[in-house]
Amino acid sequence: MNTINSVNTHYPEYDVLKLMDEWDSHTKEIVRRRLGPFPSLRFLSDMEAEDIHLIARHITYDHRSEILDWVVYHLDSKLAEEIGESDRKQGVPPEKTLIREGLKALGHAARLTHGTDYKELDEKQQFQLLADLQKGKAPSIPEWSYIPQQALFKKLVSELTAAYYSHPAIWSEIGYGGPMYPRIYVR
């Protein structure tokens, strides 16, 4: 079940999944779940999930659906949980609100600028809108008064890259050996 894309790696023959026999059953199950198929969305709407998928393509510079589907699922699962979040700057809404309302605002900005939804923009337009968001210079709309652009961008980058680098195919591509338990940290 190797999903390695040897074009993007210095380790074309390495497959972290070949080490699964060294992992305990709980760890194996966690890693296997990252390969899909994934259950239905619990927090994100289908439209929001499409937008997250496209945003993740730009942030990770990766177009492989099998990996980006994991990224979307991971974010959806996190947002569906009732676990609190860590530090949040003053004036930044809770992450569930930040992401949901931020995606709506991004769509509004796309329609204002280009007359269509974010997902309908070409890749260059999508990327430019994200670059403007990163700088806090996305098209002026009322939503940005309560959804800080740069905070939204940072949250998306943080969550999407964390999920991306937790996928076993990416582990193989960067030469990461996977979970160390129980191989090393037994005691």
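A quick note: this is a predicted structure, and the numbers were derived from the prediction, not measured. (Residues numbered from 1 in each chain as written. Predicted model: local features only at pLDDT ≥ 70, side-chain atom pairs only at ≥ 80, totals over all residues. Heavy atoms only, no water.)

A. Layout of a nonpolar patch on the surface. Where nonpolar side chains cluster on the molecular surface, the patch consists of Tyr 165, Ile 174 and Tyr 176 and spans about 310 Å² of accessible area. Its location among the elements puts Tyr 165 in the loop between α6 (149-164) and α7 (168-174). Using a relative accessible area of 45% as the deciding quantity, one classes Tyr 165 as partly exposed. (Patch = residues over 30% accessible without salt bridge, like charges linked within 9 Å, V, L, I, M, F, W, Y side chains within 5 Å. Areas by Shrake-Rupley, 256 points an atom, 1.4 Å probe, with all protein chains shown as cover. Salt bridge = Lys/Arg side-chain N within 4 Å of Asp/Glu carboxyl O. Helix = DSSP H or I, 4+ residues; strand = E, 2+ residues; numbered from the N terminus. Buried < 20%, exposed > 50% of the residue type's maximum accessible area, 1.4 Å probe, protein only.)

B. Spotlight on the side chain of Arg 34. Mapping Arg 34 onto the fold places it in the loop between α1 (25-33) and α2 (46-60). Buried charged residue Arg 34 carries no salt bridge. Nearest counter-charge: Glu 29, at 11 Å. Polar contacts involving the side chain of Arg 34 include one to the main-chain carbonyl oxygen of Ser 166, which spans 2.8 Å. Ignoring sequence-local partners within four residues, the contact set of Arg 34 consists of Trp 70, Ser 166, His 167, Pro 168 and Trp 171. (Lys, Arg positive; Asp, Glu negative; His and termini not counted. Polar contact = N/O pair within 3.5 Å; in protein donor to acceptor, adjacent residues only side chain to side chain. Contact = heavy atoms within 4.5 Å.)

C. Structural context of the layout of surface pockets. Roughly 290 Å³ of internal volume is contained in the largest pocket. In terms of lining, the largest pocket is formed by 14 residues, of which the most central are Arg 88, Lys 89, Val 92, Ala 151 and Lys 154. Elements with a contribution of two residues or more to the lining of the largest pocket: α4 (95-114) and α6. The greatest single-element share of the lining of the largest pocket, amounting to 4 residues, is contributed by α6. Broken down by class, the residue content of the lining of the largest pocket amounts to 5 nonpolar, 2 polar and 7 charged. (1 Å grid on protein atoms, 1.4 Å probe; cavity = no way out; pocket = protein on both sides within 12 Å on 5 of 7 lines; lining within 4 Å. Points joined across faces, edges and corners; volume = space filled by probe spheres on them. Nonpolar A, V, L, I, M, F, W, Y, C, P; charged D, E, K, R; others polar.)

D. Region of the structure containing the packing of aromatic side chains. With the rule as written, the count across this model stands at 5 aromatic pairs. When the ring of Phe 38 is compared with that of Tyr 73, the centres are 5.0 Å apart and the planes differ by 20 degrees; the resulting orientation is stacked. With Phe 38 in the loop between α1 and α2 and Tyr 73 in helix α3 (residues 65-80), this residue pair connects regions lying 35 residues apart in the sequence. On the basis of an interplanar angle of 75 degrees and a centroid distance of 5.4 Å, the ring pair of Trp 171 and Tyr 176 is categorised as edge-to-face. Look at Tyr 176 and you get partly exposed, because its relative accessible area is 38%. Over the aromatic face of Phe 43 sits the side chain of Arg 100, whose NZ or CZ is 4.0 Å from the ring centroid. (Phe/Tyr/Trp six-rings, centres within 6.5 Å; stacked < 30°, edge-to-face > 60°. Lys NZ or Arg CZ within 6 Å of the ring centre and 35° of its normal.)

E. Focus on the packing of α2 against α6. Between α2 and α6, the least distance of the axes is 10 Å, while the angle of their chain directions is 80 degrees. Relative to α6, α2 is oriented roughly perpendicular. Residues Ile 52, Ile 55, Ala 56, Ile 59 and Thr 60 of α2 form the contact with α6, whose participating residues are Leu 156, Val 157, Leu 160, Thr 161 and Tyr 164. (Axes fitted to C-alpha atoms, helices over the stretch in contact; angles between N-to-C directions. Parallel < 35°, antiparallel > 145°, perpendicular 65-115°, else oblique.)

F. Here's a closer look at the pattern of salt bridges. The tally for this structure, following the rule as stated, stands at 14 salt bridges. We note a salt bridge from Glu 81 to Arg 42, for which the minimum N-O separation is 3.0 Å. One end of the pair, Glu 81, is in the loop between α3 and α4; the other, Arg 42, is in the loop between α1 and α2, with 39 residues separating them in the sequence. The partly exposed category is assigned to Glu 81, whose relative accessible area is 33%. Where salt bridges share partners, they join Lys 78, Glu 95, Lys 155 and Glu 159 into one cluster.

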